[in-house]
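# Analysis of the macromolecular model
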Amino acid sequence: MSKEKALSIITLFVLIIGLVLSGCSSSNESNGGKKSGDGKIHLKFMHDWPQGSSSAYFNLVKEIIKDYEAENKDVVIDVEVLNPDQYRDKIKVLAASNELPDVGLTWSNGFAEPYAKGGQFAPLDDIIKKDFQDQFVPGTVESYSFDGKSYALPMEMNITYVFYNKEIFKKYNLEEPKTFADLKKIGETLSKNGIIPATVGSKDGWPASMWFMYLADRIGGPTILTDVIQGKVKMTDPDIVKAAEEIQNLVDSGFFVKGNTAFSNDDAKGYFLNEQAAMFLTATWELPNFTTSPDTSQEFKDKVGYFKFPIVEGGKGTDSNSYVGGPGLGAFVAEKSQHKDQAKDFAAYLVKEWGKRSVESAGILPATKVNTEGLDVHPMYIDVLNDINNATNVTTWFDTQATPNVSELHHDLITALYGKQVTPEEFAKQHDNALAEEAAEK
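Read on for an overview of the structure. All values derive from a computational prediction rather than experimental measurement.

What counts, and at which threshold
- Residues numbered from 1 in each chain as written.
- Predicted model: local features only at pLDDT ≥ 70, side-chain atom pairs only at ≥ 80, totals over all residues.
- Heavy atoms only, no water.
- Phe/Tyr/Trp six-rings, centres within 6.5 Å; stacked < 30°, edge-to-face > 60°.
- Helix = DSSP H or I, 4+ residues; strand = E, 2+ residues; numbered from the N terminus.
- Buried < 20%, exposed > 50% of the residue type's maximum accessible area, 1.4 Å probe, protein only.
- Lys NZ or Arg CZ within 6 Å of the ring centre and 35° of its normal.
- Expected span 1.5 Å × (residues − 1).
- Arc of directions from axis to C-beta.
- Contact = heavy atoms within 4.5 Å.
- Polar contact = N/O pair within 3.5 Å; in protein donor to acceptor, adjacent residues only side chain to side chain.

Time to look at the packing of aromatic side chains. Aromatic ring pairs are defined here through the distance separating the ring centres and the angle between the ring planes. According to the stated counting rule, one finds 33 aromatic pairs in the structure shown. Both rings, one in Trp49 and one in Trp354, keep their centres 5.0 Å apart while their planes meet at 20 degrees; by these two values the pair is stacked. Of this pair, Trp49 sits in the loop between β3 (41-47) and α2 (55-71) while Trp354 is found in helix α14 (residues 340-362), placing the two residues 305 residues apart along the sequence. The buried category is assigned to Trp49, whose relative accessible area is 5%. Residue classification places Trp354 among the buried residues on the basis of a relative accessible area of 1%. Put simply, the rings of Tyr161, Phe163, Phe272, Phe280, Phe290, Phe300, Tyr306 and Tyr323 pair up and form one aromatic cluster. The ring of Trp107 has Arg88 lying over it, and the distance from NZ or CZ to the ring centre is 4.0 Å.

Bringing helix α3 (residues 84-96) into the picture now. With 13 residues, α3 should cover 18 Å at 1.5 Å per step; its first-to-last C-alpha distance of 19 Å lies within 8% of that length. Of the residues making up α3, those classed as buried are Tyr87, Arg88, Ile91, Leu94 and Ala95. Looking straight down α3, one finds that the buried residues subtend no more than 135 degrees of arc, so they occupy a single side. Relative to its buried face, α3 has exposed residues pointing more than 90 degrees away, namely Val93 and Ala96. Buried positions along α3 lie against β3, β5 (103-106), α4 (109-117), β14 (330-333) and α17 (404-418). At the N-terminal boundary of α3, the capping side chain belongs to Asn83, with an oxygen 3.1 Å from the backbone nitrogen of Asp85. Following α3 by one or two positions, Asn98 adopts a phi angle in the positive range, close to 55 degrees.

Below, the structure written as structure tokens:
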């Protein structure tokens, strides 16, 4: 057989296969997309609550998905689970190639903005109006809204506390601090007795940033970091530089666990769960680990207490009811999803059921309103819900308010600040330079 004849046969064969596959694709189209070989609609869903470190969240999502599939026999939810830092990185990569999952999770404000304005996230105002009228905690939907449209359904509302081991405090006659000076004295007492005062993971930046944010709030006032994002204040403001200085003073005093620049949040959390550190500053997403999780012993749960971040003497932030926190994750639908209507339906079901089940079944604080009357939960939840109701201010995390690029720089600089690789002044100046560059590009 000649070479030319062989190529002609191969070409004809390829064309026939192409036509067959094209015909199959056309016959399987449904809801604007394509069904898989099993005849069902497959929705890709990504979240960042791994079973090992976020079991309550993982199990609740798994339960909701199972119920959705039972009610929608022609739909399969294909789930991918990553840890938060892996998730952040993968979302960026998928967005760059227009391959976001049909439904996924997003942080609010600056993180969500480029995806929303860039046409990656679908507007969800129709779902909010239809299924969630007046059901969300005020201010949460707005955190995912840009140019008058809402791009995610809020799932969490978190505020940040210092959780502590009551047994360790009792052993050394320590009381919950009212001032930052009190807190430093507690650190001195614990260090003298060979106890790690506070655990923190600064490798990825964001967990350690919460200490900086609170100090900025208490020294410079509750709006100072938001004012930086909005261009009203420079990061080199003396109050913000002072907050960075106080971080390094705590580092120098041995207040934080040694080697924390190599620790992830989970690494750091282990020191608190294993009673090697007396305090752990974190958000209320950890409440299940301290109250309901079967993976934590009841003996340890009974030892956990919490206190509000204390005021700094002479600072402008004089109200301990001002918190660092805000809405956590929200559910988005990809604008380019081939099954957008079905994806919206699943996202609405997920968030609605999450709101109904989260507090009592998993110990999670949702972004939907919760009636505490008759609620059968650990007393700590009632206290926290009351704190949220009485909050005078909740400053959304700086790295969430910032754009992804500034947020990433902030994380790197926080690690450098804890590692004494950058001065407080350099820390502030590099933020200002990045913010100025972004402002110039707009």
